[in-house]
Amino acid sequence: MPEYPDLTRLGAVLFDLDGVLTPTAEVHMRAWDALFTAFLAEHSARTGEDHTPYTEQDYYDHVDGKPRYDGVRDLLTSRGITLPEGTPEDAPDALTVRGLGNRKNAAFTDVLSRDGVTPYPGSVALVEHLAAAGTPMAIVSSSANAPAVLRAAGLDRHFEVVVDGRVAAEQGLPGKPAPDTFLAAAEALSASPADAAVVEDATSGCRAAADGGFAHVIGVDRGAGAAALTDAGATLVITDLQELVP
């Protein structure tokens, strides 16, 4: 049996959101699949270039846990495609990195507003356990939609500190796999990384937390694979956050 840390004894616990507290990672996966399947087919038809179709493994290899535009850029690089960067105001049909990112975000928000989101029961149990113990908590998410997802899941009251994609852009913080967003959240909670834990489901997030010097990097295996999370720096891999509730 693995040895589970007592998270209530720590100065802070930082959670990724999508795939850790809520199953919105599945919504993101569907939105990315729809975007790149259509785009790669359109690009091949327009240029005559032959590109490998988008697969679920591409999500884990190039997109998972990263800021949206970085995910677009990295996937395009994997196919040898270069597009203009564009601007955050680009329309979703613009053939730019940011236009494609905005197209994906539009698909995600449509699904979220239509279907809502129910958090994982085990994740709710851990959050409520930590809240009852008075353990400081924060959300660190690459998504710009984190506040909306938290409200839809009914979890927003537990997190006064949310460092999401919008906050990172406003503060000029590089996204995961850089550790900066995690470090900013820990600082906002007056906690040292050496006395804090990060809970992540993405290899990019585990790598960021490990590079940030956090005492515990807890990987939640929602599909990335235990070995991949461990290789990225996870000190413990679980399949459900209920495992961390005594």
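Look up a bit, the structure's there.
An account of the accompanying structure is given in this report. (Residues numbered from 1 in each chain as written. Predicted model: local features only at pLDDT ≥ 70, side-chain atom pairs only at ≥ 80, totals over all residues. Heavy atoms only, no water.)

Take Gly-11: it is sitting in the segment before strand E1 (12–15). Separated by 32 residues in the primary sequence, Gly-11 and His-43 place their C-alpha atoms 49 Å from one another. (Helix = DSSP H or I, 4+ residues; strand = E, 2+ residues; numbered from the N terminus.)

Glancing now at the packing of helix H3 (residues 68–78) against helix H4 (residues 97–115). Two numbers describe how H3 lies on H4: the axes approach to 9 Å, and their chain directions differ by 115°. Crossing handedness for the pair H3 and H4: right-handed. In this structure, H3 uses Arg-68, Tyr-69, Val-72, Arg-73 and Leu-76 to contact H4, whose residues at the interface are Val-97, Arg-98, Leu-100, Gly-101, Asn-102, Lys-104 and Asn-105. Within the contact of H3 with H4, the residues separate by chemical class into 5 nonpolar, 3 polar and 4 charged. (Axes fitted to C-alpha atoms, helices over the stretch in contact; angles between N-to-C directions. Left-handed = near helix turned anticlockwise from the far one by under 90°. Contact = heavy atoms within 4.5 Å. Nonpolar A, V, L, I, M, F, W, Y, C, P; charged D, E, K, R; others polar.)

The 6 strands lie next to each other as E3-E2-E1-E4-E5-E6, forming an open sheet whose pairing is parallel. The two strands at the open ends of the sheet, each matched to only one other strand, are strand E3 (161–163) and strand E6 (236–238). Neighbour-to-neighbour, the strand axes of the sheet open up by a mean angle of 20°, direction not taken into account. Where E1 and strand E2 (residues 137–140) come together, 3 bridges link them in parallel fashion. Bridging across to E2, Val-13 finds its partner in Met-137. Strands strand E4 (196–200) and strand E5 (216–220) of the sheet are contacted by helix H9 (residues 203–211), whose axis makes an angle of about 175° with E5. (Pairing = 2+ DSSP bridges.)

By the secondary structure assignment, His-51 is in the loop between helix H1 (24–47) and helix H2 (56–63). Within polar-contact distance, the side chain of His-51 engages the side chain of Glu-49 at 3.0 Å. Here the side chain of His-51 touches Arg-79 through a polar contact of 3.4 Å, landing on its backbone oxygen. (Polar contact = N/O pair within 3.5 Å; in protein donor to acceptor, adjacent residues only side chain to side chain.)

Moving on, we get to the environment of Ser-204. Positionally, Ser-204 belongs in helix H9. Look at Ser-204 and you get buried, because its relative accessible area is 3%. Separated by 28 residues in sequence, Ser-204 and Lys-176 have C-alpha atoms that sit 5.7 Å apart. Once residues lying within four places of it in the same chain are set aside, the contact partners of Ser-204 are Asp-64, Gly-65, Lys-66, Lys-176 and Pro-177. Engagement of the side chain of Ser-204 in a polar contact is seen with the backbone oxygen of Asp-64, the distance being 3.0 Å. (Buried < 20%, exposed > 50% of the residue type's maximum accessible area, 1.4 Å probe, protein only.)

A separate point is the pairing of E5. Most of E5 sits inside the fold, with 4 of its 5 residues counted as buried. Strand direction decides the pairing type here: E4 and E5, joined by 4 bridges, are parallel. From the neighbouring strand, Val-199 faces E5, where its bridge partner is Ile-218. As judged from the 3 bridges shared by E5 and E6, these two strands associate in the parallel manner. Paired with Val-220 across the bridge in E6 is Ile-238.

On to the pattern of salt bridges. In this structure the tally under the stated criterion is 9 salt bridges. Where Arg-103 meets Glu-42, a salt bridge forms, and the shortest distance between an N and an O atom there is 3.9 Å. Of this pair, Arg-103 sits in helix H4 while Glu-42 sits in helix H1, placing them 61 residues apart in sequence. Classification of Arg-103 by relative accessible area gives partly exposed; the value is 22%. (Salt bridge = Lys/Arg side-chain N within 4 Å of Asp/Glu carboxyl O.)

Direction vectors running N to C along H2 and H3 enclose 115°, while the axes themselves pass 9 Å from each other. H3 is crossed by H2, and the crossing has right-handed handedness. Touching Asp-58, His-62 and Val-63 of H2 are Gly-71, Asp-74, Leu-75 and Ser-78, all from H3.

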